[in-house]
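The lines below spell out each chain.
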Amino acid sequence: MQLNGGLQTVNRPALDRTNPENPIETGAAAISSSTLSRRSFLMCAASAGIAGDILHAARRSAASPELDTPRAQDDALFTAEARFYQKLPNKRIKCKLCPRECTVGDRERGYCGVRENRSGVYYTLVHSRVCAAHVDPVEKKPLFHYLPGSLAFSLATAGCNVNCKFCQNWDISQARPEQVPAEYIPPKRVAELAAQWHCPSIAYTYSEPVVFSEFLMDAADAGHEAGIRSIVVSNGYIQDDALRAAYGKMDAVKIDLKAFSDSYYQKVVTGQLKPVLDTLVALRKMGKWTEIVYLVVPTLNDGDGEIGGLARWVKQNLGTDVPLHFTQFHPDYLLKNLPITPVPTLERAREIARAEGLHFVYIGNVPGHPAENTYCPRCQRVLVERVGFEIRQMLILKGACPYCKETIPGMWHA
Amino acid sequence: MRNERTTSRREFLTTSLVGAVGFNAVQNLSSLESARSIEQPAKSRVSIAYDSLLRGPLPDAHGTAAIRHDSKTLDSDRVSNLLDQAMQGLFDSADRGRIWEKLVRPGQLIGVKVNTLGGRGLSSNVQLVEEICARLQEAGIRPQDIVIWDRDSTELERAGFRIRTGGSQVQCFGTDRVGFEADLVTFGSVGSQLSRILTQRCDVLINVPVLKDHDGAGVSIALKNMYGAIHNPNKYHPNGCDPYVADVNMLQELRAKLRLHICDATTACFDGGPAFKPEFTWRPNALIVSEDPVALDQIGWQMIERKRAEQGLKTLAAEDRAPRYIETAADAEHRLGNNDQRRIVVSEKHVA
C-alpha cells in the first residue's frame, strides 16, 4: 500500500490518453513489440510526469455475463507454494510472512487475499501475476539518494497485508488477484523488460510487495543475473525471517512509516507500529540503503510530539543520515473527510526533524518546494535540485559535496 | 436543448414537498419503530423442518436397507415437501402460493445467494435451490429473472450447479462473470465494493446459506454468507469477524433487498469448517427458515453447539471463537434482528 499521496499512485488510463499514439498503452502484449523510441519515451515522461503505463485495467460497464465475461486468468500459471508458513492440524496453516500470522483454514485465504490454503498447503496466487507495470523515475518511489535521475521498471500484483484508510491504490491493493486484470510476466521476462526500457532497477511497489515476496525474490534473482538492481517500496510489516530472505535480495528499500503511534496503526492502518520499527532496525543492520516516507495526515498523525518522537527514534536507532520524507496527504478511499495536508504543516514537521539533528529531511508531493532538494548538511549548498520527479541539477561527485567534500550518503552513480 | 437532468423550479418544489412529507413519514415510522423496539421488541420467528427420510429409507435393524440413507442425493419430492413445511411453519399458512406471493412480485429480479465454498459435500443443495426457484416461478417470476449466484462460477460448478447465462431459463453464475461495482459502500468498520449481481440483477435477495462451523468466526450461517457479496471478505476475518459481519449486513443495498433466509441444514458441519471435512459433518436433514438472520444464526449456532457437545467437543466459547458478531448484529447500532432466545419463537416440525 502506498502512502505518498499522488506520487506513487498507479497511473490511471486517463493520464495515458494524453498520448494516444503511445504503444505502451495497449497492454502487456505491446511491451515486447514496442516501437516507442527512447526520445519520444522521454518526451512522454517529461510531459505527462510519468514514464509509461504498461498495463492498465479496463473497467466493465454492464452486469451481463453473456455479453461481458472477463478474460479468465489461468490460476495455475500464477500459483506457487508459499515459502513462509507453518502447517497445523486439520489442514489448517499459520502464515509466517507478516506479523498478522493468519491462521487459515482449508479453502480460505489470509488477510492479504492473495494466499490460499488448499488442503493444508498454502499457496501464493500472485507469482508473476502482474496487475500494474510502469516505467517510473526512481524519484517517484521516492528514493532520493539512490541512482537519481534513473528509471525503475515498476510492478505490482494485487493484494496488501494492511488496509490503510487513505490508500490511493486500493483498487489493486485491496482486491483479490482474480478481481484485477493481470498479465503473466515471469521473473526472467521482468528482467528483460527492465533492460529493454533502460531501467537499472526493478521496483516492487504500488500495492504491498510483502504479499508477493516469492515473486519478488525470484524476480530480484533474475534481475541480478542480468545486472539489474532491485528496490522495494513497502510498509515494512513483515516477519524477520521473511524480511531477511526477501528484502535481503533488495538493493534499496523505501519504508512507509505511517505514523509514530500504535493507535494510529490499529485504527487507520489495521496493523501495528512495533514490527515496522523492528524492520527499519533490521534493514539498518543488514546494510540496506533505506529511506523513510511519513505521510502526514491532518489531525491524525501530524502532532508536534509525534513528529518529534519519530525524529528522535530515527536518530537513535538509524542515525542522522537516513532520508526522511514528509509527504502530503490527498483524500482518497475511506478517508475523504480530511483536507490535503497544508504545506506549512509539512514544513513544520521538517523543521522539527531537522532540529532533532536529521540531515536529510524532504517534503514530498509538493512539486517545486525547495525541500525537494538535497542540501549538503555541512555547507548547506544545494547538491541535487529537483522539481517533482525531475532532476534539474545533480552535483554530487564520488559521493561527496563538490564544495566542502562532505560525504553524502547514498548510491549516487550506477 | 434542455438538459434531461435539469429540474424546473416548480418540479423542484413539488419534489421537495413530497420529499418532506415522505421524510416526515419515515421519521414518524422510525420513531414509532424505535419506541416499540425499546418497549416491546418484536419477536422473531424461526421455523425448522426435519425429514429423516430425506435421503431414502432408514436402515433396518441389520443396516441392510440403508440404500440411500448415506447418499448425498436427496429425494426431490421430500425436499419439495420439506421446503413447504418449513415455510408454512414460518408464515403460519398452508397456502404455499400465497406465502411466496407475499415475498416477491412478478417483474422483480430475484437473486438466490447460495454458499458453495464446501464443494459438493457442504454447499447449498442443488435440489433445494431448484425447489426454491420453482416456488418463485409459481409466484409469477420469470425464470430468466432469477439468478442463482455466489462469488465464483467455478465454485458453483464444483457444488453441482450448472452455469447458465442468457436465454429464458433460470440464470446461474458467479460475481467473477460480472465483477463488482466501482464505488465503495461503507458502514462502520466496513468499506467494500458490492457484487454487480446484487446491485444490478436483484430486486429481492433470498439467502440460502449452509449450517457450518467456522474456524475463525465460530459459525458461518445466514449473516456471514453475505461475505460472498463483497469484494474484500479477507479483510473482515480478524477478531472472529466481529463487528465486520454485522457491518456488512448493514450495507444499505444488502439490507434493503434481503427478504428471506433458507438455511440448508440437510448436511451440516460441527467442527473444522468452513471447508468440507467429512469427519466433521452430520446430517440433520433439516431446513431452517427465517426472515430474521440474527435469530436464525442464534438458533443455528445452538444446534452446532449441541452437536459438538454430543461429540465431546468443547463449546465454541471455550475455544475462544464464540460467534460474537451475532450479538453485535442485534445491538442498538445494528438492529438486524433478535439474538435473545426469549424473543425468538422456534417452530419445529418433523416430517418423518
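If you're wondering where the values come from, they're calculated on a predicted model, not measured in any experiment.

1. Some words on the overall build of chain B
Then step 1. Check the secondary structure of chain B and you find ten helices and 14 strands.
Then step 2. In chain B, the share of contacts with a sequence separation of at least 24, taken over all contacts with a separation of at least 6, comes to 70%.
Then step 3. As displayed, chain B has an accessible area near 15300 Å², and 49% of this comes from carbon and sulfur atoms.

2. Concerning the environment of A:G159
Residues and elements named next belong to chain A.
Then step 1. Inspection of the secondary structure assignment puts G159 in the loop between β9 (151-156) and α5 (170-173).
Then step 2. For the pair G159 and Y111, spaced 48 residues apart in sequence, the C-alpha to C-alpha distance is 9.1 Å.
Then step 3. Among residues more than four places away in sequence, those in contact with G159 are C112, V114, I172, S173, A175, S207, E208 and V211.

3. Here's the deal with the packing of aromatic side chains
Then step 1. Taken as a whole and assessed by the stated rule, the structure comprises ten aromatic pairs over all chains.
Then step 2. Taken together, B:F270, B:F280 and B:W282 form an aromatic cluster joined through their ring pairs.
Then step 3. The ring centre of A:Y111 lies 3.7 Å from the NZ or CZ of A:R100, which sits over that ring.
Then step 4. Over the aromatic face of A:F144 sits the side chain of A:R386, whose NZ or CZ is 4.0 Å from the ring centroid.

4. Side note on the confidence of the model for chain A
Residue and element names in this part refer to chain A.
Then step 1. Scored by pLDDT, chain A has a mean of 87; 83% of the residues are at 70 or more.
Then step 2. Note that residues 1-7 has pLDDT below 50 and, in this model, 48 contacts with residues that lie over four places away or in other chains.
Then step 3. Across residues 56-62, confidence stays below pLDDT 50; counting only partners more than four residues off in sequence or on other chains, it has 17 contacts.

5. Remarks on the side chain of B:N232
Then step 1. As for its placement among the helices and strands, B:N232 is situated in the loop between β9 (218-220) and α7 (244-250).
Then step 2. A polar atom in the side chain of B:N232 sits 3.1 Å from the backbone oxygen of B:G191.
Then step 3. Within the structure, B:N232 has its side chain in polar contact with the side chain of B:S192 (distance 2.6 Å).
Then step 4. Setting aside anything within four residues of it in sequence, one finds B:N232 in contact with A:Q174, B:G191 and B:S192.

6. Digging into the interface of chain B and chain A
Then step 1. Counting residues at the interface gives 33 residues for chain B and 34 residues for chain A.
Then step 2. When chain B packs against chain A, close to 2700 Å² is buried across both sides, 50% of that on carbon and sulfur atoms.
Then step 3. The interface formed by chain B and chain A holds two salt bridges in total.
Then step 4. Between chain B and chain A we count eleven residue pairs in polar contact (both at pLDDT 80 or more) in total.
Then step 5. Of all the elements in the fold, those that place two or more residues in the side of chain B that touches chain A are α5 (153-158) and α6 (196-201) of chain B.
Then step 6. Broken down by element, the side of chain B that touches chain A gets its largest block of residues, three residues, from α6(B).
Then step 7. Along the lines of polarity and charge, the residues of the side of chain B that touches chain A split into eleven nonpolar, twelve polar and ten charged.

7. Quick notes on the environment of B:R142
All names here are of chain B.
Then step 1. Residue position: R142 is located in the loop between α4 (126-138) and β3 (146-150).
Then step 2. Under the relative-accessibility criterion, R142 is labelled partly exposed at 46%.
Then step 3. For R142 and Q169, which are 27 residues apart along the polypeptide, the C-alpha to C-alpha distance reads 8.3 Å.

8. With respect to the nonpolar core
As a rule of thumb, soluble globular proteins bury nonpolar side chains together.
Then step 1. One finds B:M87, B:W100, B:L136, B:I148, B:L211, B:L260 and B:I288 to be the most contacted residues of the largest nonpolar core, which totals 94 residues.
Then step 2. A:C167, A:Y204, A:Y294 and A:V314 belong to the second-largest nonpolar core, a separate cluster that totals 93 residues.

9. Examining the pairing of strand β15 (residues 324-328) of chain A
Residues and elements named next belong to chain A.
Then step 1. Taking burial as the measure, the five residues of β15 include five buried ones, the bulk of the element.
Then step 2. Here five bridges tie strand β14 (residues 289-296) to β15, and the two strands are oriented parallel to one another. By the bridge assignment, V296 is partnered in β15 with Q328.
Then step 3. In this view, the connection linking β14 to its parallel neighbour β15 by way of helix α11 (residues 304-317) has right-handed handedness.
Then step 4. Running through helix α12 (residues 343-355), the crossover from β15 to the neighbouring parallel element strand β16 (residues 361-364) is right-handed.

10. Re helix α2 (residues 76-91) of chain B
Residue and element names in this part refer to chain B.
Then step 1. For α2, which comprises 16 residues, the first-to-last C-alpha distance of 23 Å matches the rise-based estimate of 22 Å (1.5 Å per residue) to within 8%.
Then step 2. By the criterion of burial, α2 is predominantly enclosed, with twelve of the 16 residues buried.
Then step 3. Close packing links the buried residues of α2 with β1 (44-50), α3 (96-103), α4, β10 (258-265), β13 (286-290) and β14 (344-350).
Then step 4. A distance of 3.0 Å separates the backbone nitrogen of D77 from a side-chain oxygen at the start of α2, and that oxygen is part of D75.

11. A short note on helix α9 (residues 262-269) of chain A
Residue and element names in this part refer to chain A.
Then step 1. Within α9, burial applies to Y264, Y265, V268 and V269. Axial view of α9: buried residues confined to an arc of 100°, hence all on one face. In α9, those exposed residues whose orientation departs by more than 90 degrees from the buried face are Q266 and K267.
Then step 2. Packed against the buried residues of α9 are β13 (252-256) and α10 (274-286).
Then step 3. Trailing α9 by a residue or two, T270 shows a phi angle of about 65°, which is positive.

12. Quick look at unusual backbone geometry
Residue and element names in this part refer to chain B.
Then step 1. Residue P243 is reached from D242 by a cis peptide bond, and omega for that bond is 10°.
Then step 2. Backbone geometry at D92 places phi at a positive 55°, although glycine is not the residue there.
Then step 3. Structurally, D92 is set in the loop between α2 and α3.
Then step 4. If you check the backbone angles, D320 has positive phi at about 60° while not being a glycine.

13. Brief notes about the side chain of B:D292
All names here are of chain B.
Then step 1. Following the sequence through the fold, D292 ends up in the loop between β13 and α9 (293-310).
Then step 2. Of the buried charged residues, D292 lacks a salt bridge, with R255 as the closest side chain of opposite charge at 9.3 Å.
Then step 3. In this structure the side chain of D292 is engaged in a polar contact, spanning 2.8 Å, whose partner is the backbone nitrogen of N338.

14. Some points on the sheet that holds β16(A)
Residue and element names in this part refer to chain A.
Then step 1. Pairing within the open sheet is mixed, and its eight strands lie in the order β8-β9-β11-β12-β13-β14-β15-β16. Two strands bound the open sheet, and with one partner strand each, they are β8 (132-137) and β16. Taking each pair of neighbouring strands and ignoring which way they run, the sheet shows an average axis angle of 20°.
Then step 2. Relative to strand β11 (residues 201-204), β9 is paired through four bridges, and the arrangement is parallel. Among the inter-strand pairings, A152 is bridged to a residue of β11, identified as S201.

15. Observations regarding the environment of B:K43
All names here are of chain B.
Then step 1. Turning to its location among the elements, K43 is positioned in the loop between α1 (9-39) and β1.
Then step 2. In this structure, the C-alpha to C-alpha distance between K43 and R342, residues 299 residues apart in sequence, is 8.4 Å.
Then step 3. Residues contacting K43, with those up to four places away along its chain left out, are N338, R342, R343 and V345.

16. A closer look at the pattern of salt bridges
Residues and elements named next belong to chain A.
Then step 1. Taken as a whole and judged by the stated rule, the model has 43 salt bridges over all chains.
Then step 2. Across the salt bridge formed by D304 and R348, the nearest N and O atoms sit 2.5 Å from each other. With D304 in helix α11 and R348 in helix α12, this residue pair connects regions lying 44 residues apart in the sequence.
Then step 3. The exposure class assigned to R348 is partly exposed, which follows from its relative accessible area of 34%.
Then step 4. When salt bridges with common partners are traced through the structure, they connect D75, R109, E116, R118, R129 and E178 into a single cluster.

Calculation criteria
Residues numbered from 1 in each chain as written. Chains lettered and ligands numbered in written order. Predicted model: local features only at pLDDT ≥ 70, side-chain atom pairs only at ≥ 80, totals over all residues. Heavy atoms only, no water. Helix = DSSP H or I, 4+ residues; strand = E, 2+ residues; numbered from the N terminus. Contact = heavy atoms within 4.5 Å. Areas by Shrake-Rupley, 256 points an atom, 1.4 Å probe, with all protein chains shown as cover. Phe/Tyr/Trp six-rings, centres within 6.5 Å; stacked < 30°, edge-to-face > 60°. Lys NZ or Arg CZ within 6 Å of the ring centre and 35° of its normal. pLDDT = per-residue confidence, 0-100. Polar contact = N/O pair within 3.5 Å; in protein donor to acceptor, adjacent residues only side chain to side chain. Buried area = accessible area lost by both parts, 1.4 Å probe. Salt bridge = Lys/Arg side-chain N within 4 Å of Asp/Glu carboxyl O. Nonpolar A, V, L, I, M, F, W, Y, C, P; charged D, E, K, R; others polar. Buried < 20%, exposed > 50% of the residue type's maximum accessible area, 1.4 Å probe, protein only. Core = buried A, V, L, I, M, F, W, Y, C linked by side-chain atoms within 4.5 Å. Pairing = 2+ DSSP bridges. Right-handed = clockwise from strand over helix to strand, strands pointing away. Expected span 1.5 Å × (residues − 1). Arc of directions from axis to C-beta. Lys, Arg positive; Asp, Glu negative; His and termini not counted. Axes fitted to C-alpha atoms, helices over the stretch in contact; angles between N-to-C directions.

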